Structure formats: structure tokens, C-alpha cells
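Structural overview for review
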Amino acid sequence: MEATDNSSYTLRKAGRPFTADHRIWFERDGQLISPFHDIPLRAHDGEGSLNMVVEVPRWTNAKFEITRDERINPIGQNVKHGQLRFTNNCFPYRGYLWNYGALPQTWEDPHHVHPDTGLPGDNDPLDVLDIGRAVGATGEVKRVKVLGILGLLDGGETDWKVIAMDVRDARAEAVNDIGDVETYFPGLLDATRDFFRVYKIPDGEEPNEFALDGKFMNKRYALSVIANCRMSWKRLITGTANRGDISIENTTLTGTPGKIDPDELDLPPEEDLPPADVTPSEDWHFISREELDLSTGWVSIDDEGTGRLVS
């Protein structure tokens, strides 16, 4: 579980993007690895930063994610109700507002109820939002610094969203905790919370809710959540937790029940194919007052019909 230089990661692709067969596998120094289990949580820089696996680059809609149930956990596009998933453009948001991804070697245990949310985990690695300036790429491994966290309650599950920043960003030295985000990126936190509240409404779902009254918690709180999810992952990878359908196969973690020889994996040849002729809708979805629960206080409408967020 040692840290390593991020420049040693390479990607192996197969299938056309925007198809159900498209997969992105990870290699380190020429050896296949799991981005869920083999990439260390802690980055190799001596500064306390963490590794982030980028799944969905900023401004894009295709919901790529680490596949938790497939051998060695490649990235693929999420399928919902039999359809490849593209996130809705809910006015004024177009695509994701940040580089969206996962913290490796973490797990939101679906058998553990968090005392501050009252709901179990969502069975995935922790989600992380990189608010830095550079647009990432699917499969990129970034080094990020933790700033805070938002507790999303999604479908009866706890779905934490870690707020972080690429350590190479020009403002990284100045932005060190959640309060600094509002100073240097005014409006971004409110927009982030609103995005997660409304983005499933066009699919006929209810607005999402939040733990802790929708408050963005600080870095210290975020690190405690990460530490707990790290411990949950350790139970998962050592076989002491109920893993359900999660693949714990890895190629580097000696002594774990999922450790395999990478030569055992029969993967398709590497391909770099153009995307399929499928693109997300460019339409805006305008969320009506009736679709929002105005009693929650999330949207305030004045006499002239102007709406503003209130936190």
C-alpha cells in the first residue's frame, strides 16, 4: 500500500467510448492494477495530499466510473435502466462543474450507518470534486489537497462529496480549508449544492436532500470521513467485511485474498477508437417551482419572481 509517482500510471483502452463495451484499465510500470485497490490513497509528495482518480472531466456529461463489480475494476460508463447514463444539463449548469472522481482505497460501507446522516454508505469509493482550474481527463490520477465535504443523501444512502483542489493549481497554496473556497471561488459552493439537489429531477426523481442541514463541513471533518472510509476499505480488501458484488481483485496487495497474478487476466487488445455517434442532449432542463420543495428553504423567491439560494 505504498505511495508511488503519478507519472508511472498509464491507461489501456478498449471498445468505443459511449458504448457499453468501452473500458479503461490502469497500468503502473507496465503491470495491470485496480484503480480502486492498487492506487494508494496517499500521494507520494510528503505534503499530505491524496490521489484522485478522475472519472468525469469538468464540463462533460458522460457518467464514467470505476466499476466496482468487474475484475480489476476498470472505468466504464454507468448504465441506468438499461441506458448509458449522461448527466442532465439543469439550467444554469452544463455538465459537471468540477473534475469528478474517486478516492482510491476508500469505501462507503453500505452496512454502516453514519451517525451524522442516519443512512448507510452507497457502496462506492468516496467521491471527490477537484475545483482546480485545469480540466482533467478520464483515468487521470491527480494529486489533490482536501478542503471540505458535503453530505448528500441520495436514494436512501449516504453519498459524501469531498471538496478538493489539484495541488498544482496556481491558487492551491492560498486555498486550504472550506472557508477559503468562498473567498477565492465565490458562489461555487452554493452552485455545487444546488447542482446535486436538482440534477436528477429531469429523470422524474425527487430533489436530493443533504445531511447536516446542507452545510459544507471543514477540512478536519472531511479528513475524519476519509479516515473512516479508509478503515472500511481495509476491512473490505482483507476479506473481513461483507463485500457483496464488489471485486477485490488486485495485483499488488500481498496477503490479501483478492491478490492475483496479472497474467491471469485475459483482456482484449488495446484500442484507441473514436467515440460512438452518441452524444448527450444539449438541451437545458429548467426546474420549475413545483418540482422543488420550497418549504426546505433552499430556494427563496421574492415578489418579483427572482430566485436565490439560501444556505
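Residues numbered from 1 in each chain as written. Predicted model: local features only at pLDDT ≥ 70, side-chain atom pairs only at ≥ 80, totals over all residues. Heavy atoms only, no water.

**Quick notes on the overall build of the chain**
Regarding its fold elements, the chain presents 3 helices and 15 strands. Against the compact-globule benchmark of 19 Å for 311 residues, the chain has a radius of gyration of 19 Å, which places it among compact chains. Looking at the chain as a whole, 53% of its 311 residues qualify as buried. For the chain, the computed accessible surface area is about 14,600 Å², with 47% contributed by carbon and sulfur atoms. Of note, the chain has its 33 positive side-chain charges centred 4 Å away from the centre of its 54 negative side-chain charges. (Helix = DSSP H or I, 4+ residues; strand = E, 2+ residues; numbered from the N terminus. Rg over C-alpha atoms; globule rule 2.2 N^0.38 Å. Buried < 20%, exposed > 50% of the residue type's maximum accessible area, 1.4 Å probe, protein only. Areas by Shrake-Rupley, 256 points an atom, 1.4 Å probe, with all protein chains shown as cover. Lys, Arg positive; Asp, Glu negative; His and termini not counted. Charge placed at Lys NZ, Arg CZ, Asp CG, Glu CD.)

**Comments concerning a nonpolar patch on the surface**
A cluster of nonpolar side chains, contributed by Phe91, Trp284 and Phe286, occupies part of the molecular surface with about 340 Å² of accessible area. Mapped onto the elements of the fold, Phe91 is located in the loop between strand 8 (83–84) and strand 9 (99–103). On the basis of relative accessibility, which here comes to 45%, the residue Phe91 falls in the partly exposed class. (Patch = residues over 30% accessible without salt bridge, like charges linked within 9 Å, V, L, I, M, F, W, Y side chains within 5 Å. Salt bridge = Lys/Arg side-chain N within 4 Å of Asp/Glu carboxyl O.)

**Things to note about the confidence of the model for the chain**
The predicted structure's coordinates, where accompanied by low pLDDT, should not be read in detail. Residues at a pLDDT of 70 or more form 91% of the chain, whose mean pLDDT is 90. Ignoring residues within four places in sequence, the model shows residues 294–311, a span with pLDDT below 50, making 27 contacts including any to other chains. (pLDDT = per-residue confidence, 0-100. Contact = heavy atoms within 4.5 Å.)

**Things to note about the layout of surface pockets**
Using a probe with the size of a water molecule, rolled over the atoms, empty space left in the structure can be pinpointed. For the largest pocket, the calculated volume is near 730 Å³. In terms of lining residues, the largest pocket is bounded by 32 residues, among which Glu65, Arg68, Asn78, Arg85 and Asp124 are the most central. Among the secondary structure elements, those contributing two or more residues to the lining of the largest pocket are strand 5 (64–66), strand 6 (75–77), strand 7 (79–80), strand 9, strand 12 (157–166) and helix 2 (188–198). (1 Å grid on protein atoms, 1.4 Å probe; cavity = no way out; pocket = protein on both sides within 12 Å on 5 of 7 lines; lining within 4 Å. Points joined across faces, edges and corners; volume = space filled by probe spheres on them.)

**Quick look at the side chain of Arg12**
Position of Arg12 among the secondary structure elements: in strand 1 (residues 9–14). Buried and unpaired, Arg12 has Glu27 as its nearest opposite-charge partner, separated by 4.1 Å. A polar contact is formed between the side chain of Arg12 and the backbone oxygen of Pro268, at a distance of 3.0 Å. Ignoring sequence-local partners within four residues, the contact set of Arg12 consists of Arg23, Ile24, Trp25, Glu27, Leu32, Leu267, Pro268, Pro269 and Glu270. (Polar contact = N/O pair within 3.5 Å; in protein donor to acceptor, adjacent residues only side chain to side chain.)

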